[in-house]
Structures are given as structure tokens and as C-alpha cells.
Amino acid sequence: MRAQETELDRLLSNIGACRICVEAPEGKPLPHEPRPVLRVSSTARLAVCSQAPGTRVHASGIPFTDASGDRLRDWMGVGPQEFYDESRVAIIPMGFCFPGQDASGADLPPRGECAKTWHRSLFAQLPQIELVLAVGSYSQRWHLGDAAGSTLQETMLGWRTYLTRKTRPRVLPLPHPSWRNNAWLKSNRWFETQLLPVLRREVRKLLSEPRSKKSLAGRKRIFY
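Report on the accompanying structure. As the structure is a prediction and not an experimental result, all values here were calculated from the model.

**Looking at the overall build of the chain**
Next, step 1: A tally of regular secondary structure across the chain gives 12 helices and six strands.
Next, step 2: Viewed in the frame of its principal axes, the chain has a C-alpha envelope of about 50 × 45 × 35 Å.
Next, step 3: For the chain, the residues scored as buried account for 50% of the 224 residues in total.
Next, step 4: Long-range contacts, defined as pairs at least 24 residues apart, comprise 74% of the intrachain contacts of the chain with a sequence gap of at least 6.
Next, step 5: For the chain, the accessible area works out to roughly 11100 Å², and carbon and sulfur atoms hold 52% of it.

**Observations concerning the nonpolar core**
Next, step 1: Residues V48, M76, F191, L195 and L199 are the most contacted members of the largest nonpolar core, which totals 30 residues.
Next, step 2: If you list the elements that add at least two residues to this core, you get β2 (46-49), α4 (67-76), β3 (89-91), β4 (131-135), α9 (159-163), β5 (170-174), α10 (182-187) and α11 (190-208).
Next, step 3: No other element matches the nine residues that α11 contributes to this core.
Next, step 4: Excluding anything up to four places from it in sequence, V48 contacts F64, L72, M76, F83, V89, A90, I91, I92, L133 and V135.
Next, step 5: Membership of the second largest hydrophobic core comes to 25 residues, among which are L8, A44, C114 and V171.

**A word on unusual backbone geometry**
Next, step 1: R168 connects to P169 through a cis peptide bond whose omega is 0 degrees.
Next, step 2: The backbone of F64 shows a phi angle near 60 degrees, a positive value even though the residue is not glycine.
Next, step 3: Relative to the helices and strands, F64 resides in the loop between α3 (55-60) and α4.

**A short note on the pairing of β4**
Next, step 1: With respect to burial, β4 is a largely interior element, five of its five residues being buried.
Next, step 2: What you see with β4 is no split at all: L131, L133 and V135 on one side and V132 and A134 on the other are buried throughout.
Next, step 3: Pairing geometry for β2 and β4, over four bridges, is parallel. Considered in β4, the bridge of C49 is made with A134.
Next, step 4: Here β4 runs beside β5; their pairing, made up of five bridges, is parallel. Its bridge partner lying in β5, V135 is registered against L174.

**Quick look at the pattern of salt bridges**
Next, step 1: With the rule as written, the count across this model stands at 12 salt bridges.
Next, step 2: The salt bridge partner of E86 is R39, with a shortest N-O separation of 2.8 Å. Taken together, the positions of E86 in the loop between α5 (80-83) and β3 and R39 in strand β1 (residues 38-41) put the pair 47 residues apart, joining distant regions of the chain. Across the pair, exposure class does not vary: E86 and R39 are buried alike.
Next, step 3: Close ionic contact of R111 with E113 constitutes a salt bridge, the shortest N to O distance being 2.8 Å. Considered together, R111 and E113 belong to a single accessibility category, that of buried residues.

**Section: the state of the cysteines**
In protein chemistry, a disulfide is the covalent bond that joins the sulfur atoms of two cysteines.
Next, step 1: Counted by the stated rule, this structure contains zero disulfides.
Next, step 2: Here C18 stays free of any disulfide, with the sulfur of C21 as its closest cysteine sulfur at 6.1 Å.
Next, step 3: Cysteine C114 is unpaired, with the sulfur of C97 as its nearest cysteine sulfur at 5.8 Å.

What counts, and at which threshold
Residues numbered from 1 in each chain as written. Predicted model: local features only at pLDDT ≥ 70, side-chain atom pairs only at ≥ 80, totals over all residues. Heavy atoms only, no water. Helix = DSSP H or I, 4+ residues; strand = E, 2+ residues; numbered from the N terminus. Buried < 20%, exposed > 50% of the residue type's maximum accessible area, 1.4 Å probe, protein only. Contact = heavy atoms within 4.5 Å. Areas by Shrake-Rupley, 256 points an atom, 1.4 Å probe, with all protein chains shown as cover. Core = buried A, V, L, I, M, F, W, Y, C linked by side-chain atoms within 4.5 Å. Pairing = 2+ DSSP bridges. Salt bridge = Lys/Arg side-chain N within 4 Å of Asp/Glu carboxyl O. Disulfide = S-S within 2.5 Å.

Remember that the coordinates give geometry; whether it matters functionally is a separate question.
See the structure below:
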């Protein structure tokens, strides 16, 4: 366990110092200084795996400090205190840094360098993760691989299949909680009536089980 934590610490230090998207980017370089935002520990059994930080998160360094975060926490049935308890909840976006915005002011997609460089090594150091909440299509395609649907709708409709797979960690896809998905939510009422009760039950189970002394001693790392 100690060797694993040491390796995790080393990996997170490298992520925190990463400048690949500025110094060796794929395409245009990141238009500002990198500021990786993720929360990881060796004890968290639930992982919120989303898209990338937005402008407010880039400024604050704290993930989901916006209306999308409020909606996501409501979906999960948790308050900020539980959500930001990094010993229980990991927050790992596909892109660790704010990717910038396009000409219309919309956030750009997550930088591809992050997942290619860091994600497999990072998740290899987190074998205790039992459930991944794959928030948005970018996260769903990475965590589900070829099993993901060709569209968000197709992936979301298969949520029961993903959640009951024998492979670990289990994956539960979620749409991004942005207001941009209000129309989707309105036309897919089953999300609220069928999926959300299961989501809240799964989250409560993982967060309510008492932590062992070994778990309480687990080391944690936060970047912001």
C-alpha cells in the first residue's frame, strides 16, 4: 500500500507540473497558463469523471463551483461537504485544465493531451474506485470505450447495461449538468424518474459505508 501511495504521489506531482499543452501541444497551444484541477486520493471509491474545468473553476481551482455543480450534486443527492470530501469522492476530468473558449464564447473540448498522457497511469493507481460517474460524452467514450453509443442518447439509454457489467469499476453515464442540456432533460423524463433514484442509492451506499482505519489513513492530493 505504501509503495502504491508513493507512486500515486509521484504521478500527481507530475500532473500538477504538466505543461505539455503549452510546450508540446497537439494543435494550438493552451491560450493561458496551465492550472490542473483534480481531486484524488487512495481511498475514494466513487469517481466523478467529467469534461474539463470552465472559467470559474479555472479561477477558483475548485471543481464544479457553478450552477452545473449545484445540479450535479442534486442529482447525486449530496451536499458540498460530502461532494468535496476527497477521501471519498475523486473528481477527475478528461482535461485537467480549462481549454479556453471558441469565438462564440463556448468552452472548447477537453485537451486531448491529458487523457493520452495521464489517464491510464492515473486510474491504474486507483484500483479502489468502484463506480465512475461518466459525465458527458467525452468521459463516456473514454470510460466505456467501444461499448459507448454513437450518440449521447444511445449511451444514456444503455445505462443499466453499463452499471451491471462485471468489469470494474462500474460506469454510470450522466449527461453534462449544464443548462445547455435542459432540452434533453425535458424530453427524457425517464432520467429523473428511473436513473436518478438508482444514482442516489449507489452514491449513498458508497459514501455511507464506514471507512476502515486503513482507509482513514489514506493519503490525498488536491490540485488547484
